[in-house]
Structure formats: C-alpha cells, structure tokens
Amino acid sequence: MKIENNKILALVLLLLCPILSLLYSLCSVNIKKNNNIYFFCISLFFGLFVLKNPPIFDLYRYFNIFYDEKSLIEIILTTNDLFIPLVFFLFKDLSIPFFWISPFIVSTGIFICLYTLSILVKINEINISNRMFLFLILVLLILIEPIDLSLTLRFRLACIFASCGIIINISNKKKGIVLIVLSVCTHLAIFPVILIYFSS
C-alpha cells in the first residue's frame, strides 16, 4: 500500500515535534480520503500529552494494583474486569512503566472515535466540506476530554468502545461486535446498555 508524501511528513513531524504533527494532521484531513495516518498522529499526540499526569483519582488505584505482586487472575478479581488487567499484565511482562498505560488508553480511545466519525459520515453519505469535517473532529476531541479519560481509564474507555462499536456495527458487524465485546470486558456496567441495544 502506497503512503502519500504528506502522510509520511505527518509521521516524521510526530517524531520531531508532535505538536506540529497535530496541527499538520488536522489541516490535512480530507473527507474523501483515508485519514487513518492523520488520526494516528492526532491520537498519539494526545497520548503523549497525558504522559506526565500524576496518579490521582482512579489512576492512583490502578497505580497501586499495577505494582502489587499479583497474578493476572488476582488482578482480574480485584478490578472485576478483563481488558485493563490484560493491559496491565502485558505492560508488566514487557517491563513497560505504568505511566505509559494512560497514553496507550487515550491514544486508543481517540483513534477509535476519529475512525468511527469518518465511518459515520460515509455510511450516511453526508456531503460536508473538509472544514466542516475538521470542525466535527475538534468538537469530538473536546467531548472526549483526553485528560479525564487518562485519569479514569475504565468507564470512559468502555463508553467509547460501546458507542463506537454500535455505530460501526451498522457497516461492519465483525469490527462492531469486537468493540462491543471489548466494552463489556472493560467495564461490566456497560452490559445493561449493550443488552438493551441488542434487544431493541
């Protein structure tokens, strides 16, 4: 697959100066083209942005869980969920510090939201300009609240998985179901919402 030069530039800028990559990617999104590289750069910028967040609120509890000498099963029983413990286990096994978990969660959540927005526009055949598409992206980024997402992790990420999964399920059932299952594995409180969706 050939990658356009402007997308390569966005990736290079991400390595050299992430904020320039963010601005360049936002200005380069095109409603008629594949924007996944730009979405990746935007998502990774916000992931790096929350890297230095102190472990407060829910993040403090996860910090303690992460550094406890517990097995994967014990962590699952402690959190009553599956996705976050698996992330913890993977990061610990790879000797990746705890503070990279928030950037990973934030980047993942934002990328999925941006990808879903582009899918939503396409499946509804909405005819909008690139400027309007950029406006929608900016509104979405404000609604996601990356800092809050980085401090709470589970519930906000589960909401992202569920809402995006339901939307994507319209056009791609496999991807949609994967996200919906991930939402329940991330936070069990989402299960009643999913139950209502499938029973309606």
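Refer to the preceding data block for the structure.
For clarity, every value in this text was computed on a predicted model and none was experimentally measured.

Caption draft 1: Structural detail: the overall build of the protein. When helices and strands are tallied, the protein shows 12 helices and zero strands. Starting at the N terminus, the α and β elements of the protein follow one another as α-α-α-α-α-α-α-α-α-α-α-α. Residue burial in the protein is summarised as follows: out of 200 residues, 44% are buried. As presented, the protein carries roughly 11,100 Å² of accessible surface, and 71% of it is formed by carbon and sulfur atoms. Counting 15 positive and 10 negative side-chain charges, the protein places the averaged centre of each group 13 Å from the other.

Caption draft 2: Spatial organisation of the environment of Tyr-197. Relative to the assigned elements, Tyr-197 resides in helix H12 (residues 191–199). Taking the C-alpha atoms as reference points, Tyr-197 and Leu-120, 77 residues apart in sequence, are found 18 Å from one another. Contact partners of Tyr-197, with chain neighbours within four places excluded, come to Ile-166, Asn-169 and Ile-180. Side chain to side chain, Tyr-197 and Asn-169 meet in a polar contact 3.0 Å long.

Caption draft 3: Highlighting the side chain of Ser-28. Summarising the element assignment, Ser-28 is placed in helix H2 (residues 18–28). Within the structure, the side chain of Ser-28 is placed 2.7 Å from the backbone oxygen of Tyr-24, a separation counted as a polar contact. For Ser-28, the residues in contact, after removing those within four places along its chain, are Asn-35 and Tyr-38.

The rules we used
Residues numbered from 1 in each chain as written. Predicted model: local features only at pLDDT ≥ 70, side-chain atom pairs only at ≥ 80, totals over all residues. Heavy atoms only, no water. Helix = DSSP H or I, 4+ residues; strand = E, 2+ residues; numbered from the N terminus. Buried < 20%, exposed > 50% of the residue type's maximum accessible area, 1.4 Å probe, protein only. Areas by Shrake-Rupley, 256 points an atom, 1.4 Å probe, with all protein chains shown as cover. Lys, Arg positive; Asp, Glu negative; His and termini not counted. Charge placed at Lys NZ, Arg CZ, Asp CG, Glu CD. Contact = heavy atoms within 4.5 Å. Polar contact = N/O pair within 3.5 Å; in protein donor to acceptor, adjacent residues only side chain to side chain.

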